[in-house]
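Overview (structure and organization)
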Amino acid sequence: MNDAIIPIKWENDQLQLIDQRVLPQEYNWLSYNDAPSVAQAITDMVVRGAPAIGITAAFGVVLAARAAYEQSVSDWKNIIKKDMDLLAASRPTAVNLFWALERMGLCIHTIDTNPVPVLLSEAQKIHEEDIQANKTMGDLGASLLKDKCSVITHCNAGALATGGYGTALGVIRSAWREGKIERVYADETRPWLQGSRLTAWEMVQENIPVTLLCDGASAHRMKQGGIGWVIVGSDRIAGNGDVANKIGTYHLAIAAKYHGVKVMVAAPTSTIDMSIKSGVDIPIEQRGADEILSLGGKRIAAEGAEAWNQAFDVTPANLVDAIVTEKGVVEHPTAEKMVRLMGQ
Ligand code: MRU
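The rules behind these values
Residue positions within a chain follow its written sequence, with the count starting from 1. Where local features are concerned, this predicted model is filtered to residues with pLDDT of at least 70; where side-chain atom pairs are given and counted, the filter is 80 or more; whole-chain, interface and lining totals use all residues. To get the side-chain values, take all heavy atoms of the structure and skip hydrogens and water. The near set for a molecule or strand comprises every residue that places at least one heavy atom within 4 Å of it. Under the convention used here, a 1.4 Å probe and the Shrake-Rupley method define accessible areas, while residue burial counts only the protein chains that appear. Each helix is a run of DSSP H or I of at least 4 residues and each strand a run of E of at least 2, with the numbering of both proceeding from the N terminus. By the convention adopted, Pro, Cys, Tyr, Trp, Phe, Met, Ile, Leu, Val and Ala count as nonpolar, Lys, Arg, Asp and Glu as charged, and the other residues, Gly among them, as polar. The domain boundaries here were taken from an automatic or database domain assignment. Axes, fitted as lines to C-alpha atoms, cover a helix only where it is in contact. Angles between the N-to-C directions of the axes lie from 0 to 180 degrees. The labels follow the angle: roughly parallel below 35 degrees, roughly antiparallel above 145, roughly perpendicular from 65 to 115, and oblique for the rest. Working rule for contacts: check all heavy atoms of both residues, and any pair within 4.5 Å makes them a contact. Once two parts are put together, the accessible area they lose, assessed with a 1.4 Å probe and summed over both, is termed the buried area. Each salt bridge in this description consists of a side-chain nitrogen of Lys or Arg and a carboxyl oxygen of Asp or Glu lying within 4 Å of one another. Expected helix span is given by 1.5 Å per residue-to-residue step, counting one fewer step than there are residues. Bend is computed residue by residue as the angle between axes fitted to the seven residues ending at the residue and the seven residues starting at it. With a 1.4 Å probe rolled over the protein chains alone, any residue whose accessible area is under 20% of its type maximum counts as buried; one over 50% counts as exposed, and the rest are partly exposed. Residues belong to one nonpolar core when they are buried, are Ala, Val, Leu, Ile, Met, Phe, Trp, Tyr or Cys, and are joined through side-chain atoms within 4.5 Å. Strands pair, by our definition, only if DSSP identifies at least two bridges between them. The path from the first strand over the helix to the second decides the hand: if it runs clockwise while the strands point away from the viewer, the crossover is right-handed. Note on ring pairs: Phe, Tyr and Trp rings are taken, using the six-membered ring of Trp, and paired if centres are within 6.5 Å. Classes follow the plane angle, with under 30 degrees stacked, over 60 edge-to-face and the rest tilted. Any Lys NZ or Arg CZ found within 6 Å of a ring centre and within 35 degrees of that ring's normal is scored as a charge over the ring.

Description of the site of the ligand
Close to the ligand lie 19 residues, the nearest being Arg48, Arg91, Gln194, Asn245 and Lys246. Calculation on the ligand without its partners gives an accessible area of 410 Å², and the protein chains cover 100% of this total. Mapped onto the shell around the ligand, the elements with two or more residues apiece are α2 (50-71) and β9 (243-246). Residues of the shell around the ligand, tallied by class, amount to 7 nonpolar, 8 polar and 4 charged. A domain-level breakdown of the shell around the ligand finds at least three residues from each of domain 1 (8-133) and domain 2 (141-342).

Here we look at the packing of α2 against helix α5 (residues 116-142)
Packed helices, taken two at a time, are described by the angle their axes make and the gap between the axes. With their axes 9 Å apart at the nearest point, α2 and α5 run at an angle of 175° to one another. Here α2 is positioned roughly antiparallel relative to α5, judged by the angle of their axes. Contacts from Pro51, Ile55, Ala58, Phe59, Val61, Val62, Ala65 and Arg66 of α2 reach α5 at Val116, Leu119, Leu120, Ala123, Gln124, Ile126, His127 and Asp130.

Let's talk about the domain arrangement of the protein
The domains assigned to the protein are domain 1 (8-133) and domain 2 (141-342). Centre-to-centre separation of domain 1 and domain 2, based on C-alpha positions: 25 Å. At the interface, 29 residues of domain 1 touch 29 residues of domain 2. Surface buried jointly by domain 1 and domain 2 totals about 2,300 Å² across both partners, of which 57% is contributed by carbon and sulfur atoms. The interface formed by domain 1 and domain 2 holds 1 salt bridge in total. The partner of Arg91 in a salt bridge is Glu285, with the nearest N and O atoms 2.8 Å apart.

Notes on helix α3 (residues 76-88)
Three or four residues apart is the spacing at which side chains of an α-helix point the same way, because the helix has 3.6 residues per turn. In this model α3 runs 18 Å from its N-terminal to its C-terminal C-alpha over 13 residues, within 8% of the 18 Å that 1.5 Å per residue would give. Remark: the principal bend of α3, roughly 30°, maps to Lys82. When α3 is considered as a whole, its buried residues turn out to be Trp76, Ile80, Asp83, Met84 and Leu87. Of the surrounding elements, those touching the buried residues of α3 are α1 (35-43), α2 and α4 (95-109).

Focus on the pattern of salt bridges
Counting across every chain of the model gives 12 salt bridges. Close ionic contact of Asp19 with Arg21 constitutes a salt bridge, the shortest N to O distance being 2.9 Å. Look at the salt bridges and you will find they share partners, linking Arg91, Glu285, Arg287 and Glu291 into a network.

Looking at the nonpolar core
Counting residues in hydrophobic clusters, the biggest one holds 41 residues, and the most contacted among them are Leu15, Val61, Ile80 and Leu119. Contributions of two or more residues to this core are made by β1 (8-11), β2 (14-18), α1, α2, α3, α4 and α5. In this structure, Leu213, Val232, Ile272 and Met342 belong to the second largest nonpolar core, which totals 25 residues.

Considerations on the pairing of strand β6 (residues 210-213)
When strand β5 (residues 181-187) meets β6, the two strands line up parallel, connected through 4 bridges. Among the inter-strand pairings, Ala186 is bridged to a residue of β6, identified as Leu212. Handedness of the β5-helix α7 (residues 194-205)-β6 crossover: right-handed.

Topic: the packing of aromatic side chains
One pass over the full model with this rule turns up 4 aromatic pairs. On the numbers, 6.4 Å between centres and 90° between planes, the contact of Tyr27 with Trp29 is edge-to-face. A relative accessible area of 26% means that Trp29 is categorised as partly exposed. Considering the side-chain rings of Tyr69 and Trp76, the 6.4 Å spacing of their centres and the 80° angle between planes classify their relative orientation as edge-to-face. Three or more aromatic residues joined by ring pairs make a cluster, and in this case those are Tyr27, Trp29 and Trp201. When the ring centre of Tyr165 is taken as reference, the NZ or CZ atom of Lys135 above it lies at 5.7 Å.

Thoughts on the sheet that holds strand β8 (residues 236-238)
With mixed pairing, the 4 strands of this open sheet are ordered in space as β11-β8-β9-β14. Strands at the two margins of the open sheet, each flanked by one partner only, are β11 (272-273) and β14 (312-315). Inspection of the sheet shows β8 paired to β9 by 2 bridges, in the antiparallel sense. Considered in β9, the bridge of Arg236 is made with Ala244.

This is the structure we're talking about:
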């Protein structure tokens, strides 16, 4: 068992992130000393994955507070707002970002001395709680797998996408330890290839058998049999259980329904946005066309072709068999069940 993949750390008074853009060919840590650079790192995909983005932003607030307090002991709470806005604008879909900023904001209200120790401890708490939540979800999700089977996952919802251990890959890690996983099929996940670069890397580290699928191959693979579950993470879950996740998740869920394969979404409650009634209202990130038209910095598409690069899609709740959170499992999600889960 490799619990050692932790993509975010605070060391030598600075934030350090594994550069996920160059994995697995290179394993580099990058250092950050100010909030605007942290916001840029999130936008640029140095760090990605909903919970990891939230944790990173929380540490970004620590850096923002340090700079603001150095500038003015009396006015730092006003000065910090500009950096908080920059962090909030770094990516739109993963609600964990806004959840973490709100939690750090509440903490700021309570401080009347040097903010750094208190905010650092809050950011570290957010990080530790996320790892714990993933381990709980791992156990809960694994218990849903009755017979040994193969599973399909999409994008990377692993240790790299979280504080550590992973959401969907956390379930897979726990189920593997319980002898319930035959093989993991990982969609490549164009255009950033989180599946072939990151998910496959995480699985190989732990000797969990992994086979890559071209995006779009999953329906054909399901037809051959042996796939018990699709297991994915999420960037935002609406109040009715609709699930936003990496583009391609929706058609994976449709294919699963057709073939009698079950769909599990593993996500901490920090990914649930009860202020949004349904998936229609989830803001979907539109990224640059170049990410699709080029590969490895080289143009591959025909000159003159355009590209539509929505980074996420929304899977309706009625295609989801189970949402697994650290607070419990919601089978066949509905608005009423989500309210019950969130204790509202
Ligand atoms: O664009 P990314 O790489 O940030 O997208 C990540 C995903 O879609 C993950 O599946 C999601 O954030 C869940 S991570 C535990």
